[in-house]
Amino acid sequence: MTIQEQAQQLELLADQVPTGIALATKSDLEDLQAQVMGLLGETSTATAIQGSIQGSIQLASQQIDEVAAALENVRLQIRDAAQHHLQG
């Protein structure tokens, strides 16, 4: 395999990093939160439950943001390796 072919393979691998999964999961959580809020309504008990659920979803969303950033970093490092390989 030539250096050019190896660089192309690295580019293909970079494209396989599942960055979209994290963002899709975050979107799913936001949709779920809206559905829960809609079902529970405006009672005092519902408000307490909503606060707990909302806090948990916000924490999960923050962690998903961190995972998404880490995955993007992996993708960029693989692309950098491909570019370095070509310059090598």
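One structure accompanies this document, and this report is about it. (Residues numbered from 1 in each chain as written. Predicted model: local features only at pLDDT ≥ 70, side-chain atom pairs only at ≥ 80, totals over all residues. Heavy atoms only, no water.)

1. Points about the pattern of salt bridges
For the coordinates displayed, the defined rule picks out four salt bridges. A salt bridge links D15 to R79; the nearest nitrogen and oxygen atoms lie 2.1 Å apart. Of this pair, D15 sits in helix 1 (residues 3-15) while R79 sits in helix 3 (residues 44-87), and the two are 64 residues apart along the sequence. In this structure, D65 engages K26 in a salt bridge whose closest nitrogen and oxygen atoms are separated by 2.8 Å. Here the residue D65 occupies a position in helix 3, and K26 occupies one in helix 2 (residues 19-40), the gap between them amounting to 39 residues. Since its relative accessible area comes to 36%, D65 is described here as partly exposed. Look at the salt bridges and you will find they share partners, linking E11, D15 and R79 into a network. (Salt bridge = Lys/Arg side-chain N within 4 Å of Asp/Glu carboxyl O. Helix = DSSP H or I, 4+ residues; strand = E, 2+ residues; numbered from the N terminus. Buried < 20%, exposed > 50% of the residue type's maximum accessible area, 1.4 Å probe, protein only.)

2. A look at the side chain of K26
A distance of 2.8 Å separates polar atoms of two side chains, one belonging to K26 and the other to D65. Apart from residues no more than four positions distant in its own chain, K26 is found in contact with S61, I64 and D65. (Polar contact = N/O pair within 3.5 Å; in protein donor to acceptor, adjacent residues only side chain to side chain. Contact = heavy atoms within 4.5 Å.)

3. Notes on the nonpolar core
Counting residues in each nonpolar core, the largest one holds five residues, listed as A22, L29, I57, I64 and A68. Counting residues per element, the ones that place at least two in this core are helix 2 and helix 3. Here the element with the most residues in this core is helix 3; it accounts for three residues. Excluding its chain neighbours within four sequence positions, the residues that come into contact with A22 are I64, V67, A68 and L71. (Core = buried A, V, L, I, M, F, W, Y, C linked by side-chain atoms within 4.5 Å.)

4. Quick look at the environment of L12
Residue position: L12 is located in helix 1. Linking L12 and L71, residues 59 residues apart in sequence, is a C-alpha distance of 15 Å.

5. A short note on the side chain of Q33
Within the secondary structure, Q33 is located in helix 2. Taking the relative accessible area as the measure of exposure, Q33 reaches 14% and is therefore buried. With residues near it in sequence (within four places) discarded, Q33 still touches Q54 and I57.

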